[in-house]
Amino acid sequence: MIQKITSFFIVTALLVACSKNALTGKNQLTLLPEAELQTMATQEYQQFLSTNKVVAASANRDAEMVRRVGQRITRAVEKYYADKGLSEKLNGYKWEYNLVNDPAVNAWCMPGGKIVVYTGILPVTQNEAALAAVMGHEVSHALLQHGNQRMSQGLLQQLGGVALSVAVANKPAETQNLFLGAYGVGSNVAVLLPFSRKHELEADRYGLIWTAMAGYNPQEAIGLWERMEKLSNGQKPPEFLSTHPAEGRRIDQLNKYMPEAMTYYKPGGN
Ligand SMILES: [Zn+2]
């Protein structure tokens, strides 16, 4: 009986929790209010920065590049949302871009626009446009609320679909792990969840658009993913690929999205 009641509440929660994503207009399962996730992200981001080696942008060209690319991607996103009358959907976004000194091939974006790029990914990106493709891809996962959906599923499966505040109060460590796993953060997390194929394709498509609008040639994304896939043949596939699985057809898909992205491309920026 208790089980029945519980599942009734979970199903009700699911029905209530289906929301429309501003960008795609599609319904999705997001149990968690984005504002609560952004608050959690602000705390987790600060904690991450205080326990990792942040490269100061004032003294380092790579860190400066990460900030510059981040700002240009952000301006592109803001323009796109403004043109579609969606600016209020970005309320609560306080963009931050940091480079950390860490050999892992990795990058991520938490809710509210909290971005980290690892120095280990720079030999793979090789140029600024390819870095823009990586950051555009990460920003898309955040805007498309993919992490929210993963976090929602995790809370449902592991903690019975309780509210985030309840989960944080009762199981702080588990909730933190879920959060870090859902956003692909760090190597200390027990389980790094891979994004689904559908989420990867969505992030690729919008990532190319931000890259182009930011004034970078989106075609650099092709070389980037080719270099990434070569790495996956090595002994230890990069962290980035364990959360962003690549498969043979990714390049074909990127080529399919390219004409759309190229309509947004103005060398030097919009
Ligand atoms: Zn991805």
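Residues numbered from 1 in each chain as written. Predicted model: local features only at pLDDT ≥ 70, side-chain atom pairs only at ≥ 80, totals over all residues. Heavy atoms only, no water.

### Remarks on the overall build of the protein
Then, number 1: From N to C terminus, the protein includes 12 helices and six strands.
Then, number 2: Expressed as a percentage of contacts within the protein between residues at least 6 apart in sequence, the contacts between residues at least 24 apart total 71%. (Helix = DSSP H or I, 4+ residues; strand = E, 2+ residues; numbered from the N terminus. Contact = heavy atoms within 4.5 Å.)

### Some details on the packing of aromatic side chains
Then, number 1: Scanning the entire structure with this criterion turns up nine aromatic pairs.
Then, number 2: Between Tyr80 and Trp210, the ring centres sit 5.0 Å apart and the planes meet at 85°, which makes this aromatic pair edge-to-face. Of this pair, Tyr80 sits in helix H3 (residues 61–83) while Trp210 is found in helix H9 (residues 197–213), placing the two residues 130 residues apart along the sequence. Side by side, Tyr80 and Trp210 carry an identical accessibility label, which is buried.
Then, number 3: Each member of the aromatic cluster is reached from another via a ring pair, and the members are Tyr45, Phe48, Trp108 and Tyr118.
Then, number 4: The ring of Trp225 has Arg250 sitting right over it, with the charged end atom 3.6 Å from the ring centre. (Phe/Tyr/Trp six-rings, centres within 6.5 Å; stacked < 30°, edge-to-face > 60°. Buried < 20%, exposed > 50% of the residue type's maximum accessible area, 1.4 Å probe, protein only. Lys NZ or Arg CZ within 6 Å of the ring centre and 35° of its normal.)

### Concerning the pattern of salt bridges
Then, number 1: Tallying each qualifying case throughout the model produces seven salt bridges.
Then, number 2: Across the pair Arg250 and Glu200 runs a salt bridge whose closest N-O atoms are separated by 2.5 Å. Here Glu200 lies in helix H9 and Arg250 lies in helix H12 (residues 250–262), a separation of 50 residues in the sequence. When sorted by exposure, Arg250 lands in the same class as Glu200, which is buried. (Salt bridge = Lys/Arg side-chain N within 4 Å of Asp/Glu carboxyl O.)

### Notes on the environment of Leu90
Then, number 1: Position of Leu90 relative to the elements: it lies in the loop between H3 and strand S4 (96–100).
Then, number 2: A residue is classified by how much of its surface remains accessible, and Leu90, at 10% relative accessible area, is buried.
Then, number 3: Those residues in contact with Leu90, other than ones at most four positions away along the chain, are Val77, Glu78, Tyr81 and Leu143.

Read these as geometric descriptors, not functional statements.
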